[in-house]
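Tertiary structure, described
Residue strings, one per chain:
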Amino acid sequence: MGIGAWNPLGWMAGPSYDVNGKAVLITGAGQGIGLELAKILYARGASVALADIDEAGARAAAAALGERAVAITADVADREAMEQVTAQVVERFGRLDVVVANAGIVPKPATLRVMNGRDFDRVIGVNLTGVFNTVRPALEQVIAAKGHVVVVSSAAAFAPGAGGSPYMISKAAVEQLGRALRVELAAVGASAGVAYFGVVETAMTHDTLDDDELGRRLGDMLPWPLSIRITAHEAALTIADGIARRAPRTIAPIGWEPYALLRGAVNVVLDSTMARDARVHELVNAVEQRVWGTER
């Protein structure tokens, strides 16, 4: 059974949903999870709009897919631009059934004590406000089509975020946005779900956890099975299969599921443990020394 196939909360899913003949908007679709998702949904018969701030990447990806794909260049943090994205999708395909708010960035490692406020604002602007900017203008189309919305949160939403808190803060907020959206859309015949991922093999992951000495130290602290990595394709398949059953939530790799379900109790213990852990203290000090050293 594949990573995207197992659903321990299958009883919560809605009726099946076929993307064949539907129009889908995916943000952050020039690479990584977004691109892999575009490939899967295209193969399942959907018309796909690949929105990305990277114009060349989005255009190349759309051209490789075929005539039912279109590239749209936009920054999700730009509210007016994202309103135009919806208009462009409808103009091209005549409809918009599914929206996947996937675009996201990570901050430079820094504690709240030493981080630059502009870095904090940029992460929130893309990861949280960008989700609102993506979803809000598309809702009338999605509701008319009785369609589906996916917002991409993260297992980081319920994990301690020392040294990278803007990312965790943004993903926790996206989780709440998705939960509210699901209840609201249910009242008008549409649906929404939240996607959670642990560690996914993407360029962002390599930059954060592999190519950075402090990132490697942080990654080494993740216990099994939370340290298990999945590919971008496996993550995208989880989203695609979640859309097919209108899932309220999807999570991968599955090792994060017990943590997600029991987080109310686990987090009390985990926060206390980390606050006393000398390795965490050393890492926090190293992050702050790096930031101070760079600024000086």
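Note that the coordinates shown come from a computational prediction; the quantities given were computed from them, not determined experimentally. (Residues numbered from 1 in each chain as written. Predicted model: local features only at pLDDT ≥ 70, side-chain atom pairs only at ≥ 80, totals over all residues. Heavy atoms only, no water.)

1. Examining unusual backbone geometry
- In this chain, alanine 252 is followed by proline 253 through a cis amide linkage whose omega measures -5°.
- For proline 253, the location among the structural elements is in the loop between strand S9 (249-252) and helix H10 (257-276).
- Its identity is not glycine, yet lysine 146 carries a phi of approximately 55°, on the positive side.
- Tracing the chain through its elements places lysine 146 in the loop between helix H5 (139-144) and strand S5 (148-152).
- Positive phi, normally seen in glycine, also occurs at arginine 246, with a value near 50°.
- Assignment of secondary structure puts arginine 246 in the loop between helix H9 (232-244) and S9.
- We classify arginine 246 as buried; its relative accessible area is 11%. (Helix = DSSP H or I, 4+ residues; strand = E, 2+ residues; numbered from the N terminus. Buried < 20%, exposed > 50% of the residue type's maximum accessible area, 1.4 Å probe, protein only.)

2. What about H9?
- Spanning 13 residues, H9 covers 18 Å between terminal C-alpha atoms, matching the ideal 18 Å at 1.5 Å per step.
- Three or more residues of H9 are buried, namely Ala232, Ala235, Ala236, Thr238, Ile239, Ala240, Asp241, Gly242 and Ile243.
- Downstream of H9 by a residue or two, arginine 246 has a phi angle that is positive, lying close to 50°. (Expected span 1.5 Å × (residues − 1).)

3. Re the confidence of the model for the protein chain
- On average, residues of the protein chain score 89 in pLDDT, and 86% of them reach the 70 mark or higher.
- Per-residue pLDDT stays below 50 along residues 1-11; that stretch engages in 16 contacts with residues further than four places along the chain or on separate chains. (pLDDT = per-residue confidence, 0-100. Contact = heavy atoms within 4.5 Å.)

4. Considering the pattern of salt bridges
- Per the stated rule, a full pass over the model turns up 10 salt bridges.
- Measuring nitrogen to oxygen at the nearest pair gives 2.7 Å for the salt bridge that ties aspartate 97 to arginine 95.
- Residue classification places arginine 95 among the partly exposed positions, given a relative accessible area of 34%.
- A salt bridge links glutamate 201 to arginine 229; the shortest N-O distance between them is 3.5 Å. Taken as a pair, glutamate 201 in strand S7 (residues 199-201) and arginine 229 in strand S8 (residues 229-231) lie far apart in primary sequence, 28 residues in all.
- Relative accessible area serves as the criterion here: at 30%, arginine 229 is assigned to the partly exposed category. (Salt bridge = Lys/Arg side-chain N within 4 Å of Asp/Glu carboxyl O.)

5. Let's talk about the sheet that holds strand S1 (residues 23-27)
- Read across the sheet, seven strands follow the order S3-S2-S1-S4-S5-S6-S9 without closing on themselves; strand pairing throughout is parallel. Two strands lie at the open edges of the sheet, namely strand S3 (69-73) and S9, each paired on one side alone. In this sheet, adjacent strand axes meet at a mean angle of 15° when their direction is disregarded.
- Here S1 runs beside strand S2 (residues 47-52); their pairing, made up of five bridges, is parallel. When the sheet's bridge partners are listed, isoleucine 26 is paired in S2 with leucine 50.
- Its contacts with the sheet put helix H2 (residues 55-65) on S2 and S3, and the angle it makes with S3 is roughly 175°. (Pairing = 2+ DSSP bridges. Axes fitted to C-alpha atoms, helices over the stretch in contact; angles between N-to-C directions.)

6. Digging into the nonpolar core
- Within the largest apolar cluster, 38 residues are counted, with the highest numbers of intra-cluster contacts made by Leu25, Val89, Val135, Val149, Val151 and Phe158.
- Considering every element that reaches this core, the biggest residue donor is helix H3 (residues 79-93), with four residues.
- Phenylalanine 158 has contacts with Tyr196, Ile251, Trp256, Tyr259, Ala260, Arg263 and Asn267, leaving out every residue within four places of it along the chain.
- Listed in part, the 34 residues of the second largest apolar core include Tyr17, Val200, Ala232 and Ala252. (Core = buried A, V, L, I, M, F, W, Y, C linked by side-chain atoms within 4.5 Å.)

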